[in-house]
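Descriptive structure summary
The lines below spell out each chain.
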Amino acid sequence: LACFENATLENLKQFATKLISESYLQALVHGNIPHDQCLARIANTLKGLISQSADTPHQIRLKPVASLKPGQDFTMEALVQNLDENNSVSEVYFQIGMDNYTDHAALALLEQMIYEPMFDTLRTKEQLGYSVSCGHRITFDAQGFCFTVVSSKYSPLH
């Protein structure tokens, strides 16, 4: 606690102001949402976060949003921000449809049935990554199921 002896409220305010001024927000939106609605939702989220002293809007980087038709595939690759980062992630997401009780129950049951065998095969036997998971996901009322592997040994395309 000795480090707090010289701390003042003014120091804390200066630190908070500097921290916020150097911060930014990244958002990834995937699923069945049109581009204009995506931008509107991001703008609404940012409204209260960006102060009057924030830098110009061109520093807010927007990435494209994919609106997929049934049967259409999409692959997105994103470079790490830290070039020394050895970890990578691969996520496969299947959008099922809008949230409803029947599909919700079926996806929850599917998760219970396949989680342990998937983990045992991919993590324990094949040792693909240090974090292996699958699960039911609801994003803006759209249900889906995803499989995720985080690895420091293999690339996402492995």
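Data block above holds the structure.
Read on for an overview of the structure. This structure is a prediction, so every number in the text was calculated from the model and none was measured. (Residues numbered from 1 in each chain as written. Predicted model: local features only at pLDDT ≥ 70, side-chain atom pairs only at ≥ 80, totals over all residues. Heavy atoms only, no water.)

Side note on the layout of surface pockets
In this approach a probe as big as a water molecule rolls over the atoms, and the regions it shows empty are the leftover space. Our working rule: Think of a 1 Å grid over just the protein atoms. A cavity is a set of points where a 1.4 Å probe fits yet cannot get out, a pocket is an open set with protein on both sides within 12 Å along at least five of seven lines, and lining residues have an atom within 4 Å of a point. Grid points are joined across faces, edges and corners, and a volume is the space filled by probe spheres set on the points. Note on conventions: DSSP H or I runs of at least 4 residues are helices, E runs of at least 2 residues are strands, and numbering of each starts at the N terminus. Only Asp, Glu, Lys and Arg are considered charged in this grouping, and only Ala, Val, Leu, Ile, Met, Phe, Trp, Tyr, Cys and Pro are considered nonpolar; every other residue, Gly among them, is considered polar.
Of the voids in this model, the second largest pocket is the one considered here, and its volume is about 190 Å³. What lines the second largest pocket is a set of 14 residues, and nearest its centre among them are S90, L128, V149, P156 and H158. Of all the secondary structure elements, the ones that give two or more residues to the lining of the second largest pocket are β1 (88-98) and β3 (142-151). If one sorts the elements of the lining of the second largest pocket by residue count, β1 sits on top with five residues. For the lining of the second largest pocket, the residue count by class is seven nonpolar, six polar and one charged.

Here's the deal with the environment of R137
Put simply, the rule reads: Only protein chains enter the accessibility calculation, which uses a 1.4 Å probe; a residue whose area is less than 20% of its type maximum is buried, one above 50% is exposed, and one in between is partly exposed. Pairs of residues are marked as contacts when any of their non-hydrogen atoms sit within 4.5 Å.
Of note, R137 is situated in strand β2 (residues 131-139). Assessed through its relative accessible area of 23%, R137 is described here as partly exposed. In the structure, R137 is positioned 29 residues away from A108 in sequence and 9.5 Å away in space, judged by C-alpha atoms. When residues no more than four places from it in sequence are discounted, the contact partners of R137 are H30, E91, Y93, A142, Q143, G144 and C146.

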